[in-house]
Amino acid sequence: MATRTDPLTLEVVELIGTVVARYYEEYEEAAAAHSLTGAQARVLGLLSLEPMPMRRIAQKLKCEPSNVTGIVDRLEVRGLVERRPDPADRRVKLAAPTEKGTRTARQLRESLDFAREPLAGLSDADRAVLRDLLRRMLGMDPPAQDPGL
């Protein structure tokens, strides 16, 4: 695959970098408001979608399982996460959010205004195009076509 270094491509890459930096900055602030580190907030956010084993959390966050174990330990001490046996394989432990953890993850998501506010200025069609372009950039399958669009 050829790389492009034309001015338009460079500007797009710079804009993506700016979006990512602003997102992480706001995410860190939202986490701190709940006395969490950014890594703890990311793990809690993942677990609020579905319980999962440490190895899978590490794969999703692209870090070492031992780092995830420490993060989950600290979340468990705070009553935000619990470990439970995997119903499919009782030898495996799943990390899962507690009720308090689920509530905290929801509050974190709701406090992230950075993307929501600018996206609100885009039409549904513009947001769908942006989503589809981002999915293509990431090599993801396109979503099913919405008959309403």
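See above for the structure.
(A) View of the nonpolar core. Counting residues in hydrophobic clusters, the biggest one holds 23 residues, and the most contacted among them are Leu-36, Ile-57, Val-72 and Val-81. Every element with two or more residues in this core is listed here: α1 (7-33), α2 (38-49), α3 (54-61), α4 (65-77) and α5 (99-111). Considering each element in turn, this core owes the most residues, five residues, to α2. When near neighbours in sequence (up to four residues on either side) are disregarded, Ile-57 contacts Val-43, Leu-46, Leu-47, Met-52, Val-68, Val-72 and Ala-95.

(B) Layout of the pattern of salt bridges. On inspection of all chains with the given rule, the structure shows 10 salt bridges. A salt bridge links Glu-99 to Arg-103; the shortest N-O distance between them is 3.8 Å. A residue pair is termed a helical-turn pair when its members lie 3 or 4 positions apart in one helix, as Glu-99 and Arg-103 do in helix α5 at four residues. Notably, a salt bridge pairs Arg-106 with Glu-110, separated by 3.7 Å at the nearest N-O pair. Here the residue Arg-106 and the residue Glu-110 both occupy positions in helix α5, the gap between them amounting to four residues, near one helical turn. Residue Arg-106 is classed as partly exposed on the basis of its relative accessible area, which comes to 37%. You can call Glu-110 partly exposed: its relative accessible area is 48%. Members of the salt-bridge network, linked through shared partners, are Asp-73, Glu-76 and Arg-83.

(C) Fine view of the side chain of Thr-98. Take Thr-98: it is sitting in the loop between β2 (89-97) and α5. In this structure the side chain of Thr-98 is engaged in a polar contact, spanning 2.6 Å, whose partner is the backbone oxygen of Gly-79. Among all residues touching Thr-98, those that are not within four sequence positions of it are Gly-79, Leu-80, Val-81 and Glu-82.

Conventions adopted
- Residues numbered from 1 in each chain as written.
- Predicted model: local features only at pLDDT ≥ 70, side-chain atom pairs only at ≥ 80, totals over all residues.
- Heavy atoms only, no water.
- Core = buried A, V, L, I, M, F, W, Y, C linked by side-chain atoms within 4.5 Å.
- Buried < 20%, exposed > 50% of the residue type's maximum accessible area, 1.4 Å probe, protein only.
- Helix = DSSP H or I, 4+ residues; strand = E, 2+ residues; numbered from the N terminus.
- Contact = heavy atoms within 4.5 Å.
- Salt bridge = Lys/Arg side-chain N within 4 Å of Asp/Glu carboxyl O.
- Polar contact = N/O pair within 3.5 Å; in protein donor to acceptor, adjacent residues only side chain to side chain.

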